[in-house]
Amino acid sequence: MLSSKIAGIGKYLPSNVVTNQDLTAHMETSDEWIVERTGIKERRYAHRTEETTTTMAVEAAKIAIERAGTTAADIDFIVFATLSPDYYFPGCGVLVQRAMGMKEIGALDIRNQCSGFVYALSVADQFIKTGMYKNILVIGSEKHSFGLDFSTRGRNVSVIFGDGAGAVVLQPATNAGQGILSTHLHSDGEAAEILAMYNPGTHANHWGEYANFDEAEIGQMFMSHNMIDSAQNFPFMDGPSVFKKAIVKFPEVILEALQTNGYGPSDLNMLIPHQANLRIAQFVQQKLGLNDEQVYNNIMLYGNTTAASVPIALCEAYEKNLIKEGDLVCLAAFGSGFTWASALIKW
Ligand code: UT7
């Protein structure tokens, strides 16, 4: 069976740098709290009106396509991961197809939040393996800054997230033993509501206050003043509970990837963990006994960019020549759902 390889990779970060100090103008927080709890020093915010999740994705995709030595016209499938799409529907995949003038190829959107890119990579990998497609554009892109609560009420969430995009082009591997060795996908919906954005959504009957609404009022069940007043249109996170689960599932899914392929942590040249929190990444590093050269972190500069964080970090490590041909690279992510995933790659 064919295996797939990352033939090209690109990233895009908006130019607007927002420091921890900048955030203190809107909410009660401090540089000290944010650095100590998360490692984040600054993040990027997209231009409010001129940049969207899709426009950032397109910029990252152009670089990935060029580095893959191909053209937009040769892309035969798009897989797009995001939790902050331009529209509730349609997804961003078709917007990339349109913006890049691509043929009438398939476009698939993935809704797996922090693990979205690794899931997307896994889906694309299967299509390459079966021979169905030969040039798949896989994207993770987020514009969080448009949907965060910048008051003190939302500070535990809003200080964490940033904007950006990463993209890869997946092609059939040319050398035996090269490329994606395996991917591993998991979920546990038991605690789906502890890291979630509740509205707009179609669950309103679970919220008793809307039970007696008549047909004419249904529009308000989807998007009501009360929802906005009670911050249900912003992400909710029980941070400590997410933290506890993350530090168990991250090492587990990384070891699963290594052991499936007959490797151990010491064989790893580079781990690219989803940039959720520097403390989580450091815990994982310690638990697996990895040294500093084996793990790449850039959350200090970009915050948590959810589906974009893994491809941005992978791209940055690649651009710094920290990943060379033949290296063993593991991508791993954990987040809302919960969903978690890993991919082991022979670069
Ligand atoms: O990528 C998606 C997956 N997400 C994650 O993996 C996130 C996992 N969780 C975390 O990273 C951490 O739980 C956080 C960074 C979100 C929070 O850190 P924590 O050490 O768990 O803090 P906490 O939520 O337990 O809050 C501690 C205190 C509270 O005050 P009191 O009740 O002790 O007086 C919060 O109100 O810190 C307060 N606090 C803040 N203070 C200043 C919460 N956010 C802030 C803030 N600035 N931004």
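Report on the accompanying structure.

Cut-off values and rules
- Residues numbered from 1 in each chain as written.
- Predicted model: local features only at pLDDT ≥ 70, side-chain atom pairs only at ≥ 80, totals over all residues.
- Heavy atoms only, no water.
- Helix = DSSP H or I, 4+ residues; strand = E, 2+ residues; numbered from the N terminus.
- Rg over C-alpha atoms; globule rule 2.2 N^0.38 Å.
- Contact = heavy atoms within 4.5 Å.
- Areas by Shrake-Rupley, 256 points an atom, 1.4 Å probe, with all protein chains shown as cover.
- Salt bridge = Lys/Arg side-chain N within 4 Å of Asp/Glu carboxyl O.
- Buried < 20%, exposed > 50% of the residue type's maximum accessible area, 1.4 Å probe, protein only.
- Phe/Tyr/Trp six-rings, centres within 6.5 Å; stacked < 30°, edge-to-face > 60°.
- Near = heavy atom within 4 Å.
- Polar contact = N/O pair within 3.5 Å; in protein donor to acceptor, adjacent residues only side chain to side chain.

On a plain count of helices and strands, the chain comes out with 12 helices and 13 strands. Rg of the C-alpha trace for the chain: 20 Å, near the compact-globule value of 20 Å for 347 residues, within the 12% margin. Put simply, 77% of the contacts in the chain that link residues at least 6 apart link residues at least 24 apart. Element-wise, carbon and sulfur atoms account for 52% of the exposed surface of the chain, whose accessible area totals about 15,400 Å².

Here the structure, examined in full by the defined rule, presents seven salt bridges. Across the pair glutamate 59 and lysine 62 runs a salt bridge whose closest N-O atoms are separated by 3.2 Å. Of the two residues, glutamate 59 and lysine 62 both sit in helix 3 (residues 53-67), three residues apart, roughly one turn of that helix. Note on lysine 62: relative accessible area 43%, which makes it partly exposed. The closest approach of N and O atoms between glutamate 252 and lysine 249, which form a salt bridge, is 2.9 Å.

Let's shift gears to the packing of aromatic side chains. Considering all chains together, one arrives at nine aromatic pairs under this definition. Between tyrosine 198 and phenylalanine 236 the ring centres are 6.1 Å apart and the planes differ by 25 degrees, which places this aromatic pair in the stacked class. Taken together, the positions of tyrosine 198 in the loop between strand 9 (195-196) and helix 7 (218-222) and phenylalanine 236 in strand 10 (residues 236-237) put the pair 38 residues apart, joining distant regions of the chain. Classification of phenylalanine 236 by relative accessible area gives partly exposed; the value is 38%.

Near the ligand there are 22 residues, and of these Thr29, Arg37, Cys114, Asn277 and Asn304 occur at the shortest range. One of the side-chain nitrogen or oxygen atoms of tryptophan 33 is found 3.2 Å away from an oxygen atom of the ligand. The separation between an oxygen atom of the ligand and a polar side-chain atom of histidine 274 is 3.0 Å. Contact with the protein chains hides 74% of the accessible area of the ligand, taken as 950 Å² for the molecule alone.

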